[in-house]
Amino acid sequence: MKTQNNRAELKVIARIHNDFTEKFGIPHQSGRLNRQKAVIVFEPEYRVAEAFRGLEEYTHIWLIWQFSENVRDTWSPTVRPPRLGGNVRKGVFATRSPFRPNSLGLSSVRLESVEFHRELGPVLHVSGADLMDGTPIFDIKPYIPTDSHPEASGGFTEQIRDHRLKVVFPDDWLSLVPEEKREPLTEVLSNDPRPGYQADPERVYGLAYGGMDVHFRVEGNVLIVCGVSGDQREQKENREDLP
């Protein structure tokens, strides 16, 4: 990392690839959606097998990454967390908001496997990531048991109701979803993708996921899928070189 005039230059070492092509629907914390698989592909400069020696001994890793969709030159000392309804202000350093001075994110994910790909070099298969497809990653570190603090206080997040929605997915729409994506997509929907301040039962929401546009509405604690569209072939062609 180079520093000059109070500025630091970070190198992008890898990018993550998954089914979240837009911010809407991405879980608000890592580890909530364990059926969500992703691959981490490294930039050519860092495809060195020796750099990954011993990584397979760990079950989880830390990802240090960039909120690439929220990079800006200014910042605000307070933010309005969506999970608090969008009308309560908290200090930015008391939240995990993407609107930060340096737009850095930190996530703990499960390391499913380390693959040594013939063309792409070392590729990491992970689950439970809360990153959008293509997000740049600056560093990877092993997660060790002492990183866990069960007695820790959760601040304002302890006041947030951690709920899951019942998903009603009519067969006519479910049949349009590739079989391997049905359980992961249902998991995303059950996590309630809506902003915390929206609860109109008549409103139809659209979620971009894995090359599909999924439309749904929510009545109470029940999410009802009311449409699926999209070109799966285009999504496959865009990712055909990935493991």
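Above this text you will find the structure in question.
In this text, all values refer to a predicted model and were calculated from it rather than measured experimentally.

Enquirer: What is the right way to look at the nonpolar core in this model?
Expert: Side chains that are nonpolar tend, in soluble globular proteins, to be buried together. Ranked by size, the top nonpolar core spans 21 residues in total, and within it Ile 40, Ile 61, Leu 63, Leu 124, Val 126 and Ile 137 carry the most contacts. Listing elements by their share of this core, those giving two or more residues are strand E3 (14-17), strand E4 (37-42), strand E5 (60-66), strand E8 (104-117), strand E9 (121-127) and strand E10 (136-142). Not counting residues within four places of it along the chain, the set of residues in contact with Ile 40 comprises Ala 14, Arg 15, Ile 16, Leu 63, Pro 122, Val 123, Leu 124, Val 126, Ile 137 and Ile 140.

Enquirer: Would you mind going over the environment of Arg 32 with me for this structure?
Expert: Along the chain, the position of Arg 32 falls in the loop between E3 and E4. Assessed through its relative accessible area of 16%, Arg 32 is described here as buried. With 34 residues separating them along the chain, Arg 32 and Gln 66 place their C-alpha atoms 20 Å apart.

Enquirer: I would appreciate a short explanation of the pattern of salt bridges in the present structure.
Expert: It is possible for side chains of opposite charge to pair when their charged atoms get near one another. Here the structure, examined in full by the defined rule, presents six salt bridges. Across the pair Asp 19 and Lys 181 runs a salt bridge, and its minimum N-O distance is 2.9 Å. Placement of Asp 19 in the loop between E3 and E4 and of Lys 181 in helix H2 (residues 179-190) is noted, with a sequence separation of 162 residues between them. Overall, the relative accessible area of 12% leaves Asp 19 in the buried class.

Enquirer: I keep staring at the side chain of His 125 and nothing clicks. Help me out?
Expert: Along the chain, His 125 turns up in strand E9. A distance of 2.7 Å separates polar atoms of two side chains, one belonging to His 125 and the other to Glu 115. If near-sequence neighbours (up to four positions away) are discounted, His 125 is found in contact with Ala 38, Val 39, Arg 110, Leu 111, Glu 112, Ser 113, Glu 115 and Pro 243.

Enquirer: Where do I start with the side chain of Arg 100 in this structure?
Expert: Structurally, Arg 100 is set in the loop between strand E7 (90-91) and E8. We note that Arg 100 is buried and unpaired, the nearest opposite charge coming from Asp 130 at a distance of 11 Å. Those residues within four positions of Arg 100 in sequence are excluded, and the remaining contacts are Phe 67, Trp 75, Val 92, Phe 93 and Thr 95.

Enquirer: What should I look at first to understand the pairing of E10 in this one?
Expert: For a regular strand, the rule is simple: side chains alternate between the two faces of the sheet. Bridge count between E3 and E10: two bridges; the pairing is antiparallel. In the sheet register, Ala 14 faces E10, and the bridge partner there is Ile 137. In the sheet, E5 pairs with E10 via five bridges, with the strands oriented antiparallel. When the bridges of E10 are listed, Leu 63 appears paired with Ile 140.

Enquirer: Help me understand the pairing of E5, please; the structure alone is not making it clear to me.
Expert: Residues Ile 61, Leu 63 and Trp 65 point to one face of E5 and are all buried, whereas His 60, Trp 62, Ile 64 and Gln 66, pointing to the other face, are not buried. With seven bridges joining them, E5 and E8 adopt antiparallel strand pairing. Each residue of the ladder has a partner; that of Ile 61, found in E8, is Val 109.

Enquirer: Would you explain unusual backbone geometry in this entry?
Expert: Among all residues save glycine, negative phi is the norm, and among peptide bonds the norm is trans. Even without a glycine there, the phi angle at Ser 103 is positive, about 50°. Within the secondary structure, Ser 103 is located in the loop between E7 and E8. Even without being a glycine, Asp 192 presents a positive backbone phi close to 60°. Note on placement: Asp 192 falls in the loop between H2 and strand E12 (205-209). A residue is classified by how much of its surface remains accessible, and Asp 192, at 5% relative accessible area, is buried.

Enquirer: I'm lost on the packing of aromatic side chains in this one. Help?
Expert: The geometry of an aromatic ring pair is captured by the separation of the ring centres together with the interplanar angle, meaning the angle of the planes. Considering all chains together, one arrives at seven aromatic pairs under this definition. When the ring of Trp 75 is compared with that of Phe 93, the centres are 6.0 Å apart and the planes differ by 40°; the resulting orientation is tilted. Here the residue Trp 75 occupies a position in the loop between E5 and strand E6 (78-79), and Phe 93 occupies one in the loop between E7 and E8, the gap between them amounting to 18 residues. Looking at Trp 75, the relative accessible area reads 46%, which means it is partly exposed. Owing to a relative accessible area of 63%, Phe 93 belongs among the exposed residues under this scheme. Between Tyr 205 and Phe 216 the ring centres are 5.4 Å apart and the planes differ by 20°, which places this aromatic pair in the stacked class. Taken together, the residues Tyr 205 in strand E12 and Phe 216 in strand E13 (residues 212-219) connect sequence positions eleven residues apart.

Conventions adopted
Residues numbered from 1 in each chain as written. Predicted model: local features only at pLDDT ≥ 70, side-chain atom pairs only at ≥ 80, totals over all residues. Heavy atoms only, no water. Core = buried A, V, L, I, M, F, W, Y, C linked by side-chain atoms within 4.5 Å. Buried < 20%, exposed > 50% of the residue type's maximum accessible area, 1.4 Å probe, protein only. Helix = DSSP H or I, 4+ residues; strand = E, 2+ residues; numbered from the N terminus. Contact = heavy atoms within 4.5 Å. Salt bridge = Lys/Arg side-chain N within 4 Å of Asp/Glu carboxyl O. Polar contact = N/O pair within 3.5 Å; in protein donor to acceptor, adjacent residues only side chain to side chain. Lys, Arg positive; Asp, Glu negative; His and termini not counted. Pairing = 2+ DSSP bridges. Phe/Tyr/Trp six-rings, centres within 6.5 Å; stacked < 30°, edge-to-face > 60°.

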